[in-house]
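# Observations on the model geometry
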Amino acid sequence: MRTTIIEIAERAGVSPATVDRVLNGRSGVRERTREIVQTVARELGYFGPAEAQQSRRVRLDFVLPAGNNSFMRNLRSQLIDEAARHADVQLRIHDVEDWGGGRIGRRLAELRGQTDAIGVVAPDRPEIREELNALAREGVRIATLVSDVPAIDKVGYIGVDNRAAGRLAGLLLGRFLGPAMNRNIALFVGSRAYRGHEEREMGFRSILADEFPDLRITGYAEVGDDREHAYDEMRRILSTGQVDGIYNIGSGNQGIARALREAQLNQRTVFIGHDLTDATRLLLLDRTMDAVIDQNHRVQAREVVRLLVSAVRGTSEQEYPPRLQVVFRENIPLS
């Protein structure tokens, strides 16, 4: 005979109503009480054999861009580690090689009926918004991370304020370069299809116009987060004249650094970029980069998994969103 709610309530020392709320994933129960009830229910065999418990696991899928982006590789690794800490999570990660040609929309469509929740790093495009909203209408919990897609039905966005990040980069460049007439700046963008990159560029241009009008963007390149393309574009920009400062909105820092070293400008040009990785750590140490604006992939992985699992379970947890942190050579955190 199956264990009853009353038996669980008596063993756990709570009311049957509390047990009912926990077992049905409803809110209004303290986390410690919830843990006690779930433990007692498992001990009494309420969930049945292991196969039945397995079927109650949260099916959690992440759709991420593939490629050699160091930040995405680190984020992927952290998502795997974080999911492993949750016994009730079944994780799948889908790497999409090419975001064009509708591939991301097709991959999302393939997840219909196969998942409980999806976390996605994706461009803000109409076909992607439509597919995400279709999944949400079917009860799939959606969260964006790193770069937001605002016009969708989602449970949240886990990431930093990218417009503020762009303004911060402009402030750093302006203060590093100091007052002078007509400083030349090279601006590198990963892809303006990502709202996060677009917002960083907006913030950067805004603070230059407001506070540093002598910093002129004389070189511009959209490099698709590809280090070889970034290398070629940095060489092209250097061939057109002097560059005093560089802001790279996305990935490709290693390619930019290589071109600077070849021109023997790596310690004479102020270079600001994003995301503390093994590569940018080394570039800070050898003074090729002056500052890295980090958004902490560990925190993003932890928070997005917690957010999606709690959304599926119908519970709520306190949020600790990632914050912008500026890393210099002298304050590089331990890896």
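Below is a short write-up of the structure. (Residues numbered from 1 in each chain as written. Predicted model: local features only at pLDDT ≥ 70, side-chain atom pairs only at ≥ 80, totals over all residues. Heavy atoms only, no water.)

What follows covers the pairing of strand β3 (residues 117–120). Neither face of β3 is left uncovered, since the one carrying Ala117 and Gly119 and the one carrying Ile118 and Val120 both have all their residues buried. Pairing between β3 and strand β4 (residues 141–145): four bridges, direction parallel. From the neighbouring strand, valine 120 faces β4, where its bridge partner is threonine 144. Viewed along the sheet, the connection from β3 through helix α7 (residues 126–137) into β4 turns out right-handed. (Buried < 20%, exposed > 50% of the residue type's maximum accessible area, 1.4 Å probe, protein only. Helix = DSSP H or I, 4+ residues; strand = E, 2+ residues; numbered from the N terminus. Pairing = 2+ DSSP bridges. Right-handed = clockwise from strand over helix to strand, strands pointing away.)

Applying the stated criterion to the full structure yields one cavity of 30 Å³ or more. Of all the secondary-structure elements, those providing two or more residues to the lining of the largest cavity are α5 (70–84), α11 (253–262) and α12 (278–285). For the lining of the largest cavity, the residue count by class is two nonpolar, 11 polar and three charged. (1 Å grid on protein atoms, 1.4 Å probe; cavity = no way out; pocket = protein on both sides within 12 Å on 5 of 7 lines; lining within 4 Å. Points joined across faces, edges and corners; volume = space filled by probe spheres on them. Nonpolar A, V, L, I, M, F, W, Y, C, P; charged D, E, K, R; others polar.)

The next subject is the layout of surface pockets. Size it by volume and the second largest pocket reaches roughly 460 Å³. Contributing to the lining of the second largest pocket are 31 residues, with Pro65, Asn69, Tyr194, His197 and Asp225 lying nearest its centre. Looking at the lining of the second largest pocket, the elements that each hand over two or more residues are α5 and α9 (195–211). Element by element, the count of residues in the lining of the second largest pocket is highest for α9, at three residues. Per-class residue counts for the lining of the second largest pocket are 11 nonpolar, 13 polar and seven charged.

With that settled, the discussion passes to the sheet that holds β4. Strand order in the open sheet formed by five strands is β2-β1-β3-β4-β5, with parallel pairing between adjacent strands. Two strands bound the open sheet, and with one partner strand each, they are β2 (89–96) and β5 (156–158). Averaged over all pairs of adjacent strands, the angle between strand axes in this sheet comes to 20°, irrespective of strand direction. Note: strand β1 (residues 58–65) against β3, four bridges, orientation parallel. (Axes fitted to C-alpha atoms, helices over the stretch in contact; angles between N-to-C directions.)

Strand order across the open sheet formed by six strands is β7-β6-β8-β9-β10-β11, with mixed pairing between neighbours. A strand with exactly one partner marks an edge of an open sheet, and here the two such strands are β7 (215–222) and β11 (325–327). When strand polarity is set aside, the average angle formed by the axes of neighbouring strands in this sheet is 20°. Sheet topology places strand β6 (residues 183–189) next to β7; seven bridges connect them, and they run parallel. The residue bridging phenylalanine 188 from the neighbouring strand is alanine 221, located in β7. Seen against the sheet, helix α8 (residues 162–177) touches β6, β7, β8 (245–248), β9 (270–274), β10 (291–294) and β11 and runs at an angle of roughly 165° to β9. Each of β6, β8 and β9 is contacted by α11, which is oriented at about 165° to β9, the strand it contacts most. (Contact = heavy atoms within 4.5 Å.)

This paragraph deals with the packing of aromatic side chains. In total, this model carries two aromatic pairs according to the counting rule given. Arginine 258 extends its terminal NZ or CZ atom over the ring of tyrosine 231, reaching a point 3.6 Å from the ring centre. (Phe/Tyr/Trp six-rings, centres within 6.5 Å; stacked < 30°, edge-to-face > 60°. Lys NZ or Arg CZ within 6 Å of the ring centre and 35° of its normal.)

Turning our eyes to something else, we now look at the side chain of aspartate 116. Position of aspartate 116 among the secondary structure elements: in the loop between α6 (103–110) and β3. At a separation of 2.7 Å, a polar atom in the side chain of aspartate 116 contacts the main-chain amide nitrogen of arginine 59. In contact with aspartate 116, other than residues within four places in its own chain, are Arg57, Val58, Arg59, Gly139, Val140, Arg141 and Val312. (Polar contact = N/O pair within 3.5 Å; in protein donor to acceptor, adjacent residues only side chain to side chain.)

The next subject is the pattern of salt bridges. Per the counting criterion, the structure on display carries 23 salt bridges. Aspartate 116 is the partner of arginine 59 in a salt bridge, and the nearest nitrogen-oxygen pair spans 3.1 Å. Of this pair, arginine 59 sits in strand β1 while aspartate 116 sits in the loop between α6 and β3, and the two are 57 residues apart along the sequence. Residue arginine 258 is joined to glutamate 262 by a salt bridge in which the shortest nitrogen-to-oxygen separation is 3.8 Å. In this pair, arginine 258 and glutamate 262 both sit in helix α11, four residues apart, roughly one turn of the helix. For arginine 258, a relative accessible area of 33% translates into the label partly exposed. Through salt bridges with shared partners, a single network forms among Arg112, Glu131 and Glu138. (Salt bridge = Lys/Arg side-chain N within 4 Å of Asp/Glu carboxyl O.)

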